[in-house]
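So you can see what is in the structure, the chains are spelled out below.
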Amino acid sequence: ALYPAAETAHAAASSSSSADDAGARVEAELRARADWQLGLQATLSSLASREMVAYSVHEQTTLVLTPEGYSIARDGSHEARLWRALPADAEQGASMAKLGELLTPAVLKIAQGKAFAKRWVRKHPTAAGELARVPGVDAIEDDTALALQRVRDAGETSEKEAAEYKKRKLVAPRKLVYFSVTKGPQFALKVEKLETDLTFEMLQSGAWREKPFKKYNFNAEGAAPAAGALHPLLKVREEFRNIFFEMGFTEMPTNRFVESSFWCFDSLFVPQQHAARDVQDTFFVKDPPAAKHIPEDYLARVTQVHEEGGFGSTGYRYPFSRSVTEKLVLRTHTTAVSAAMLYKLANAPGGFQPAKMFSIDRVFRNEAVDATHLAEFHQVEGVVADYNITLGDLIGFMQIFFAKMGVTDLRFKPAFNPYTEPSLEIFSYHKGLGKWVEIGNSGMFRPEMLRPMGLPDGVNVLGWGLSLERPTMIRYGINNIRELVGHKVDIDGVERAAAVRFP
Ligand code: PHE
């Protein structure tokens, strides 16, 4: 379109909000068209499954106008709008203030550069700061608007134009999907309801002979079978078990949540006044009131080592209480199980044999519950009993064990357990948190614990423990333990949780 010089300047100044509305309309239209295509494809595929039609899908990329492109196609390019806003008499100028009433600052800025380059507009030779038309240009051809109108009305442009307008964000590529449809062998103008079940009645009456049946859809995904799923803790537990088995460990029997204080504390040389044996930290069992059976000769040796010491130790020098050792507790650590198993090992009929044993099970602590602590959790624990085991073995073994979980670069920090000396806390660098975090506790069991059991001189035992919850939460990206255990657990999430493989 050639704009006559007489066209009023006002017509050129379109408000930008109506251009935005137009753009939004274009977007809405495209979305509606996409929805319609999806619906159409579903209908076609259902008709095709009845062999009423055959169809194929074609895709083509076309260009559509952006909101800005749309407004240029309708109102002209910025430079054309500037030219139209200037007085028809090329000797007359217009000030920036005047032009600013007709064109927005953004349009004015782009318009000047382009209009100068196209030699439509000049600086007024005498009126400083004013713009004027170039003399002799009585009409302009707004090539940009024309090209965008062609895109709008017919979807066509040259490749060169397309590239340029894409760069200027005036046009954008859109995928166009279309279908070619032909009649199929079962073509009909009415869609008959197809039978999906062969019923007893159909068989009896013989109606099945005439009935049209729906074809099997072998592409259907099918309903997920209702089946049980392992809880994430059990998946990680399984992976730990595999590591232990691979390293030649046997599993200790942990099917005893209620233990005597004897196995939970006294056999481990934990003094009877120790804080861990307080109701603040431990759940005590009221009924039954006391443990039924504690091996008497062993109890006597444990009593002696607490009261007087032995094996190079001075002991704790307090009167050992039988009623305290008989108190039943919910076990606070699986080391109670390890103690019982080491005692069994020391008193095996054929004599002591070196052993590697592990357990993974639940323990209970009377603790304040928060995002990372519950009153019950799981411990992963291992013990290795052999002649001449040293602290070097413990450190080397921890490095091998944790490397199998993908955890390398361990650091060890001296710590304290009543039953191990030395004791080491194990740290690893957590990249996500950017700091060293404690991942386990370990140590060399004390002679005050091992010798009364009857383990021969020269036999040392290394042991370590860690929680099952922490690696599980890290594996599954869970921050709050209540999402892992308890009534807030997402059952679907549990069903979907992937199996775990270390590392
Ligand atoms: N029982 C210790 C705990 O609860 C773990 C541990 C086991 C430490 C064996 C040393 C040896 O943290």
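Residues numbered from 1 in each chain as written. Predicted model: local features only at pLDDT ≥ 70, side-chain atom pairs only at ≥ 80, totals over all residues. Heavy atoms only, no water.

**Examining the overall build of the protein**
Rule in force here: Runs of H or I in DSSP of at least four residues are treated as helices and runs of E of at least two as strands, each being numbered from the N terminus. Radius of gyration here uses only the C-alpha atoms, and the compact-globule reference equals 2.2 Å multiplied by the residue count raised to the power 0.38. Burial here depends on accessible area, computed with a 1.4 Å probe over protein chains only, as a share of the maximum for the residue type. Under 20% is buried, over 50% is exposed, and the range in between is partly exposed. Note on contacts: a residue pair is in contact if any heavy atoms of the two residues lie within 4.5 Å. Note on areas: these come from Shrake-Rupley sampling with a 1.4 Å probe, and a residue is covered only by the protein chains present in the view. Positive residues here are Lys and Arg, negative ones are Asp and Glu, while His and the chain termini are left out of the count. Charge positions are represented by NZ for Lys, CZ for Arg, CG for Asp and CD for Glu.
When its secondary structure is counted, the protein shows 18 helices and 15 strands. Expected size for 503 residues packed as a compact globule is a radius of gyration near 23 Å; at 42 Å, the protein overshoots this value by more than 25%. In terms of overall dimensions, the protein has a C-alpha envelope of 120 × 90 × 40 Å along the principal axes. Counting all 503 residues of the protein, 41% fall into the buried class. Nonlocal contacts in the protein, meaning residues at least 24 apart in sequence, comprise 69% of its contacts between residues at least 6 apart. Of the accessible surface of the protein, which amounts to about 28,100 Å², a share of 54% is contributed by carbon and sulfur atoms. For the protein, the distance from the average site of its 60 positive side-chain charges to the average site of its 62 negative ones is 3 Å.

**Some points on the site of the ligand**
What counts here: Near, as used in this document, describes a residue that has one of its heavy atoms within 4 Å of the molecule or strand being considered. A 3.5 Å cut-off defines polar contacts: any pair of N or O atoms within that distance qualifies, except that in protein one atom must be a possible hydrogen donor and the other a possible acceptor, and neighbouring residues in sequence count only when both atoms are side-chain atoms. When residues are grouped by polarity, Ala, Val, Leu, Ile, Met, Phe, Trp, Tyr, Cys and Pro land in nonpolar, Asp, Glu, Lys and Arg in charged, and all others, Gly among them, in polar.
Inspection of the region around the ligand gives 15 residues, with Thr335, Arg365, Gln379, Tyr419 and Asn441 positioned closest. In the model, an oxygen atom of the ligand is placed 2.8 Å from a nitrogen or oxygen of the Gln379 side chain. Computed on the free molecule, the ligand has an accessible area of 330 Å², of which 91% lies beneath the protein chains in the complex. Those elements giving two or more residues to the shell around the ligand turn out to be β11 (376-387), β14 (435-445) and β15 (459-467). Per-element tally for the shell around the ligand: the top contributor is β14, with four residues. Looking at the shell around the ligand residue by residue, the class counts come to three nonpolar, 10 polar and two charged.

**Remarks on the pattern of salt bridges**
Put simply, the test is: Salt bridge criterion: a side-chain nitrogen from Lys or Arg within 4 Å of a carboxyl oxygen from Asp or Glu.
By the definition in use, this model includes 22 salt bridges. One salt bridge connects Glu79 with Lys118, and the closest N-O pair in it is separated by 2.8 Å. You can see Glu79 sitting in helix α4 (residues 78-85) and its partner Lys118 sitting in the loop between α6 (105-117) and β3 (121-123), a full 39 residues away along the chain. We classify Glu79 as buried; its relative accessible area is 1%. Residue classification places Lys118 among the partly exposed positions, given a relative accessible area of 29%. When salt bridges that share partners are traced, they join Arg237, Glu238, Arg241 and Glu251 into one network.

**Thoughts on a negative patch on the surface**
In plain terms, the rule: Candidate patch residues must exceed 30% relative accessible area and have no salt bridge, after which like charges are joined if within 9 Å and Val, Leu, Ile, Met, Phe, Trp or Tyr side chains if within 5 Å.
Among the surface-exposed residues, Asp278, Asp281, Glu367 and Asp370 lie close enough to one another that they form a single negatively charged patch. By the element assignment, Asp281 lies in the loop between α11 (261-264) and α12 (296-307). Judged by its relative accessible area of 32%, Asp281 falls in the partly exposed class.

**Here we look at helix α15 (residues 391-403)**
In an α-helix, one full turn covers 3.6 residues, which means residues spaced three or four apart are oriented alike. Put simply, the rule reads: Residue count minus one, scaled by 1.5 Å, sets the expected span of a helix. Relevant arc is that of directions from the helix axis to the C-beta atoms, nothing else.
A rise of 1.5 Å per residue sets the reference length of α15, with its 13 residues, at 18 Å; its end C-alpha atoms lie 18 Å apart and thus fit the reference within 8%. Among the residues making up α15, those that are buried are Leu394, Phe397, Met398, Phe401 and Phe402. All buried residues of α15 project into a common sector of 120 degrees when viewed along the axis, lining one side. Against the buried residues of α15 lie α10 (232-246), β11, β12 (410-417), β13 (420-430), β14 and β15. Where α15 begins, the capping side chain belongs to Thr390, and its oxygen is found 3.3 Å from the backbone nitrogen of Gly392.

**A word on the pairing of β11**
Quick note on the threshold: At least two bridges found by DSSP between two strands is the condition for calling them paired.
Buried residues dominate β11, accounting for nine of its 12 residues. Bridge count for strand β10 (residues 355-364) against β11 is 10 bridges, and the pairing is antiparallel. Its bridge partner being in β11, Asp361 is matched across the sheet by Gln379. Both β11 and β15 contribute to a ladder of nine bridges, which runs antiparallel. Across the sheet, the residue bridging to Glu381 is Gly465, located in β15.

**Comments concerning the confidence of the model for the protein**
Quick reminder of the rule: Every residue carries a pLDDT, the predictor's confidence in it, which falls somewhere between 0 and 100.
Looking at the protein as a whole, its pLDDT mean stands at 89, while 95% of the residues score no less than 70. With pLDDT under 50 throughout, residues 1-17 is counted as low confidence; its partners more than four residues away or in other chains account for 27 contacts.

**Overview of the packing of aromatic side chains**
Selection criterion: Aromatic pairs are defined between Phe, Tyr and Trp rings, using the six-membered ring for Trp, whenever the two ring centres lie within 6.5 Å; interplanar angles under 30 degrees are classed as stacked, those over 60 as edge-to-face, and all others as tilted. Consider the ring centre and the ring normal. A charge sits over the ring if Lys NZ or Arg CZ is within 6 Å of that centre and within 35 degrees of that normal.
Taken as a whole and assessed by the stated rule, the structure comprises 24 aromatic pairs. With a centroid separation of 5.4 Å and an interplanar angle of 80 degrees, the aromatic rings of Phe245 and Phe358 are classed as edge-to-face. Residue Phe245 is found in helix α10, and its partner Phe358 is found in strand β10; the two are separated by 113 residues along the sequence. Taken together, a centroid distance of 5.7 Å and an interplanar angle of 55 degrees make the contact between Phe249 and Phe397 tilted. In this pair, Phe249 sits in the loop between α10 and β7 (250-251) while Phe397 sits in helix α15, placing the two residues 148 residues apart along the sequence. For Phe249, a relative accessible area of 3% puts it in the buried group. Classification of Phe397 as buried rests on a relative accessible area of 14%. Arg133 extends its terminal NZ or CZ atom over the ring of Trp83, reaching a point 3.6 Å from the ring centre. Against the face of Phe284 rests Lys327, its NZ or CZ located 5.4 Å from the ring centre.

**Section: the sheet that holds β13**
Defined as follows: Axis definition: a line fit to C-alpha positions, over the contact stretch in the case of helices; interaxial angles, taken between N-to-C directions, run 0 to 180 degrees.
Read across the sheet, seven strands follow the order β7-β10-β11-β15-β14-β13-β12 without closing on themselves; strand pairing throughout is mixed. If you trace the sheet from one side to the other, it starts and ends with β7 and β12, each paired once. Across seven bridges, β12 lies against β13 in antiparallel orientation. Counterpart to Phe412 in the pairing with β13 is Ile426. Across the face of the sheet, α15 comes into contact with β11, β12, β13, β14 and β15 while running at roughly 35 degrees to β15.

**Re helix α14 (residues 335-346)**
Over its 12 residues, α14 extends 16 Å from the first C-alpha to the last, a length consistent with the 16 Å expected when each residue adds 1.5 Å. In terms of burial, α14 is largely enclosed, as 11 of its 12 residues are buried. The set of residues buried in α14 consists of Thr335, Ala336, Val337, Ser338, Ala339, Ala340, Met341, Leu342, Tyr343, Leu345 and Ala346.

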